[in-house]
Structures are given as C-alpha cells and as structure tokens.
Amino acid sequence: MVDDQTSAARSQRCAQVVQRCGQRLGKVVGYVSAFLMVVMSLSIILGIVMRTVHIDNSWTYDVDLFSLIWVAFVGASFTALRGEHVTSGVALENMLPRCAGLMLVLRFVIISAFLVVFTISGFEQFLNSVQTHETTLDVMSWPVWIPHLALPVGTILWLAFEIHHFVRGLVAGRA
C-alpha cells in the first residue's frame, strides 16, 4: 500500500514537472512567434516602401518568407499547446464521450507518429541544404537552411506540447 502511494506521488510529481516545463516553454515559443510576426510585418511594410521609392527590395521578400515559415511551424506548436489546433480528436472525443480516454491515447499516437516522420524529413531537408550550401538568389544570398530548420524545430516543439497535452489529459483522469 505504501509503495502504491509512493509510486502514485512520484507519478504525480513527474506529471507536474512535465506540465510546468510545457507551460514555460510555451511562453517562450509564444513570444518568439509574436516577435517573428512583428519582424514579418515590418519587413512587408519596408518592402512596400522600398518598392514605392524604386529601391531594390528583393531581400525583404526573403525575410518575409523566412519569417512566415518560422511563424507557421513554431506557431503551430504553440496552438497545439493551447489546444486550439483543429484535429480529428476534437470530433471523436465529443462523439464518443465514453471512449474519451481511448481517443486521447489514439490521438496522441497518430499525431506523434506523424510529427516524428515530419521531423525526420525536415531534418533531412535541413542537412541537405547545409551540405549543398544553398542560398537565395537575391543580393543578400541568405542561406536556405534557415527556413529548412523551422520544420524540425517546429515539429519537435509540437511533439513536446503534444506530450504536455497528453500528460494533462491523463492527470485529468480521461484515460
């Protein structure tokens, strides 16, 4: 009986640590996403102004595109943390309330498998662009590995937040 209580207390402490880490990482990711949105907005405005006064602004397009890619992948992980991502789990959990625990596990397994495959693919693209020294065609010659790095980083963050969401669901007693 004492061992069961000790084990349960350890499990609960572990779940609390995972939740706290997820929340802290989520705040950082949220701030990074917001900062990148500001960078993208300012770059778009600067590009419009430069185009209006006939100054070469081809480099601003790359800043816009790179920021958009980073915002998309890092922002996706942030919305996953906040539970605002639209997934099939939302419909299934509401349709089958008695199976909510099973649906939570099934959703976690499917999304995690997808994110692992996507992370591996994104990491391969990143390594390929590093090895080939790909750059953009504009005056700045930005390295292409910068946007390619957004894929594995974003999907790893998303996976971390999915684990956070799964642990939160387990602690809430849905599984």
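Worth saying up front: this structure is predicted, and the values here are computed from it rather than measured. (Residues numbered from 1 in each chain as written. Predicted model: local features only at pLDDT ≥ 70, side-chain atom pairs only at ≥ 80, totals over all residues. Heavy atoms only, no water.)

Enquirer: Would you mind going over the overall build of the protein chain with me for this structure?
Expert: From N to C terminus, the protein chain includes 5 helices and 0 strands. Put simply, the protein chain runs from its N terminus to its C terminus through helices and strands in the order α-α-α-α-α. A separation threshold of at least 6 residues defines the contact pool for the protein chain, and within that pool the share at least 24 residues apart is 72%. A total accessible area of about 11,000 Å² is found for the protein chain, and carbon and sulfur atoms account for 70% of it. (Helix = DSSP H or I, 4+ residues; strand = E, 2+ residues; numbered from the N terminus. Contact = heavy atoms within 4.5 Å. Areas by Shrake-Rupley, 256 points an atom, 1.4 Å probe, with all protein chains shown as cover.)

Enquirer: Please clarify how the packing of helix H4 (residues 100–131) against helix H5 (residues 145–171) should be interpreted in this entry.
Expert: Relative orientation and spacing of two packed helices are given, respectively, by the angle between their axes and the distance between those axes. With their axes 8 Å apart at the nearest point, H4 and H5 run at an angle of 160 degrees to one another. By the criterion of interaxial angle, the relationship of H4 to H5 is roughly antiparallel. Relative to H5, the crossing made by H4 is left-handed. Of the residues assigned to the contact of H4 with H5, the class counts are 20 nonpolar, 9 polar and 2 charged. (Axes fitted to C-alpha atoms, helices over the stretch in contact; angles between N-to-C directions. Parallel < 35°, antiparallel > 145°, perpendicular 65-115°, else oblique. Left-handed = near helix turned anticlockwise from the far one by under 90°. Nonpolar A, V, L, I, M, F, W, Y, C, P; charged D, E, K, R; others polar.)

Enquirer: Looking at this model, I keep getting lost on the pattern of salt bridges. Mind explaining?
Expert: For side chains of opposite charge, pairing can occur when their charged atoms come near one another. Taken as a whole, this structure holds 1 salt bridge when the rule is applied. As a salt-bridge pair, Arg-107 and Glu-162 come within 2.8 Å of each other at their nearest N and O atoms. Separated by 55 residues along the polypeptide, Arg-107 in helix H4 and Glu-162 in helix H5 bring together distant segments of the chain. Residue class for Arg-107 comes out buried when judged on its relative accessible area of 12%. (Salt bridge = Lys/Arg side-chain N within 4 Å of Asp/Glu carboxyl O. Buried < 20%, exposed > 50% of the residue type's maximum accessible area, 1.4 Å probe, protein only.)

Enquirer: Mind showing me how you'd approach unusual backbone geometry here?
Expert: Negative phi is the rule for most residues except glycine; trans is the rule for most peptide bonds. The backbone of His-54 sits at a positive phi, close to 60 degrees, despite the residue not being glycine. A positive phi angle, near 55 degrees, is found at His-133, a position not held by glycine. For His-133, the position within the fold is in the loop between H4 and H5. Residue class for His-133 comes out exposed when judged on its relative accessible area of 65%.

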